[in-house]
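# Structural overview
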Amino acid sequence: MKSVVFFSPLPHKSSDEARGEVGCQVLQRLLNDTGIQLESDLPIKVHFGEKGNHTYLKPVVYDPLIDFLEKQNIRCRFAETSVLYGGERFEAAKHIRLAHAHGFERLPIEIADGEHGELSLQIPIPGGKHFRSAAIAEKLAVAPQVLVVSHFKGHMLAGFGGALKQLSMGFAAKGGKMAMHLSVTPRIKARKCKRCKLCLTRCNAGAITIGEKVMIDQNKCVGCGACFSICPQKAISVFSFAGLKNMLFGRQLFREKLAEYALASHHGKKNIYLNFAVDIAAGCDCEPRRMSPCVHDIGVFASLDPVAVDAACYDAVLRAGKRFKGHEQLAYAAKIGAGSIDYELVQL
């Protein structure tokens, strides 16, 4: 069965103001045609852009959306999660400062997996091949509806990033990001451990021993990443040769894991997906550098189906002259029930 994707084009080189207005128009058309009701409290899942990046969606793009939601008496906020690697987005306080520096000041900011990326809920993945459950950021996991705003562009490992990547890496707590990237459980470096026992307060699996010996029981560990996130001494490592090998050479495996996490974040929700196919660079907004678009601006896509909205963006970029890798994640996501790769495009 085909899913409906709403679309409005933009000029080949569009302004941020035009992008915001068109995004709001596409959202309103989706609401009118589908009849979906907005929750009175609505997180807006965003990406604030890494320090040094310039292709992320700018705050002014969100203004018309926020204006519209506020007129509907919808309480909204910007929602994001911590990253697994170091830098400004590794912990909540620095992440929020970076967001403010990038101009995201109109709404409250919620780092949904806590100060250190330690707050998550295990959400079942029906029919998952790689995971039985996903470590999803707690405040996103409990939200019945999220407005998932994605910048469609390339990505080194995923091939491309849109709604599915927002639902997977974007919704995952640090442990979930670790599971998708590395497929390993953490270990304690005894020489660095000061036996402060903070990690014990975060381990719900009872996997950690702190005494004469310090260790993590690999049979008990669920890979949530909370201990890694909270350790002030950086005595807990998630890196290994096997994990690095998976990250560098297991791209198809990685893309399937993304799809499974996306299913966990989508299943049973009333999410709305809004993809901006603008400033379409070959790299991700997580990269701390300037990047040039590889094709012209295309427009804004919206759907209740994350697979369909990504498929529509992928096809539009292909028609514009750029073939991104990673198409198999769409087929796998559809296979496991995250959505449909077949869509009907309704142009405004």
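Let us look at the structure shown here. Computed from a prediction, not measured in an experiment: that's the story for all the values here.

Cut-offs applied
- Residues numbered from 1 in each chain as written.
- Predicted model: local features only at pLDDT ≥ 70, side-chain atom pairs only at ≥ 80, totals over all residues.
- Heavy atoms only, no water.
- Helix = DSSP H or I, 4+ residues; strand = E, 2+ residues; numbered from the N terminus.
- Buried < 20%, exposed > 50% of the residue type's maximum accessible area, 1.4 Å probe, protein only.
- Contact = heavy atoms within 4.5 Å.
- Areas by Shrake-Rupley, 256 points an atom, 1.4 Å probe, with all protein chains shown as cover.
- Lys, Arg positive; Asp, Glu negative; His and termini not counted.
- Charge placed at Lys NZ, Arg CZ, Asp CG, Glu CD.
- Salt bridge = Lys/Arg side-chain N within 4 Å of Asp/Glu carboxyl O.
- Pairing = 2+ DSSP bridges.
- Polar contact = N/O pair within 3.5 Å; in protein donor to acceptor, adjacent residues only side chain to side chain.
- Axes fitted to C-alpha atoms, helices over the stretch in contact; angles between N-to-C directions.
- Parallel < 35°, antiparallel > 145°, perpendicular 65-115°, else oblique.
- Left-handed = near helix turned anticlockwise from the far one by under 90°.
- Nonpolar A, V, L, I, M, F, W, Y, C, P; charged D, E, K, R; others polar.
- Phe/Tyr/Trp six-rings, centres within 6.5 Å; stacked < 30°, edge-to-face > 60°.
- Lys NZ or Arg CZ within 6 Å of the ring centre and 35° of its normal.
- Expected span 1.5 Å × (residues − 1).
- Core = buried A, V, L, I, M, F, W, Y, C linked by side-chain atoms within 4.5 Å.

### A word on the overall build of the protein
Counting its secondary structure elements, the protein contains twelve helices and 16 strands. Along the three orthogonal principal directions, the C-alpha set of the protein runs to about 65 × 40 × 40 Å. For the protein, buried positions account for 57% of its 348 residues. In the protein, 76% of the contacts between residues at least 6 apart in sequence involve partners at least 24 apart. Split by element, the accessible area of the protein, about 14,900 Å² in all, is 52% carbon and sulfur. Here the protein holds 45 positive side-chain charges and 33 negative ones, and the gap between their average locations is 9 Å.

### So, the pattern of salt bridges
Per the stated rule, a full pass over the model turns up 17 salt bridges. When the shortest N-O distance is used, the salt bridge between Asp16 and Arg19 registers 3.2 Å. One end of the pair, Asp16, and the other, Arg19, are both in helix α1 (residues 16-34), three residues apart, so they sit about a helical turn from each other. We classify Arg19 as buried; its relative accessible area is 5%. Among the ionic pairs, Arg106 bridges to Glu70, the shortest N-O distance being 3.2 Å. One end of the pair, Arg106, is in the loop between α3 (92-101) and β4 (109-111); the other, Glu70, is in helix α2 (residues 59-71), with 36 residues separating them in the sequence. Salt bridges sharing partners connect three or more residues here, namely Asp16, Arg19, Asp279 and Asp297.

### Structural notes on the pairing of strand β15 (residues 299-303)
Within β15, five of the five residues are buried, which leaves it mostly tucked inside the rest of the structure. With four bridges connecting them, strand β1 (residues 3-9) and β15 associate as antiparallel partners. From the neighbouring strand, Ser8 faces β15, where its bridge partner is Val300. Pairing geometry for strand β14 (residues 272-277) and β15, over five bridges, is antiparallel. Looking at the pairing, Asn275 lines up with Phe301 of β15.

### Topic: the side chain of Ser303
Secondary-structure assignment places Ser303 in strand β15. Engagement of the side chain of Ser303 in a polar contact is seen with the backbone oxygen of Val4, the distance being 2.8 Å. When neighbours within four sequence positions are excluded, Ser303 is seen to be in contact with Val4, Val5, Leu30, Ile272, Tyr273, Ala308 and Val309.

### Here's the deal with the packing of helix α11 (residues 306-319) against helix α12 (residues 328-335)
In a pair of packed helices, the angle between the axes and the distance between the axes together describe the arrangement. One can describe the packing of α11 onto α12 by two numbers: an axis separation of 10 Å at closest approach and a directional angle of 160°. Classified by the interaxial angle, the pair formed by α11 and α12 is roughly antiparallel. You can see that α11 and α12 cross each other, and the crossing is left-handed. Counted together, Val307, Asp310, Ala311 and Tyr314 of α11 and Leu330, Ala333 and Ala334 of α12 form the full contact between these two elements. When grouped by side-chain class, the residues that make up the contact of α11 with α12 number six nonpolar, no polar and one charged.

### Points about the packing of aromatic side chains
The tally for this structure, following the rule as stated, stands at eleven aromatic pairs. With centroids separated by 5.7 Å and ring planes inclined at 75°, the aromatic side chains of Tyr62 and Phe78 adopt a geometry described as edge-to-face. One end of the pair, Tyr62, is in helix α2; the other, Phe78, is in strand β3 (residues 75-80), and 16 residues separate them in sequence. Residue Tyr62 shares its accessibility class with Phe78, and that shared class is buried. Taking NZ or CZ as reference, Lys58 lies 4.5 Å from the ring centre of Tyr56, over its face. The ring centre of Phe90 lies 3.2 Å from the NZ or CZ of Lys174, which sits over that ring.

### Looking at the environment of Pro9
By the element assignment, Pro9 lies in strand β1. In this view, Pro9 contacts Val22, Ile298, Gly299 and Gln347; residues no more than four positions away in its chain are not counted.

### Details of α11
Between its terminal C-alpha atoms α11 stretches 20 Å, which fits the 20 Å expected from 14 residues at 1.5 Å a residue. Summarising burial for α11: eleven of the 14 residues are buried, a large majority. Within α11, the full set of buried residues consists of Pro306, Val307, Ala308, Val309, Asp310, Ala311, Ala312, Cys313, Tyr314, Ala316 and Val317. For α11, the capping residue at the N-terminal end is Asp305, with a side-chain oxygen 2.8 Å from the backbone nitrogen of Val307. In the segment just after α11, Gly321 is the residue with positive phi, at about 115°.

### Regarding the nonpolar core
Ranked by size, the top nonpolar core spans 56 residues in total, and within it Phe152, Met180, Tyr261, Ile298 and Phe301 carry the most contacts. Among the elements that make up this core, the one with the highest residue count is α11 (nine residues). Listed in part, the 39 residues of the second largest apolar core include Val61, Leu65, Cys76 and Leu147.

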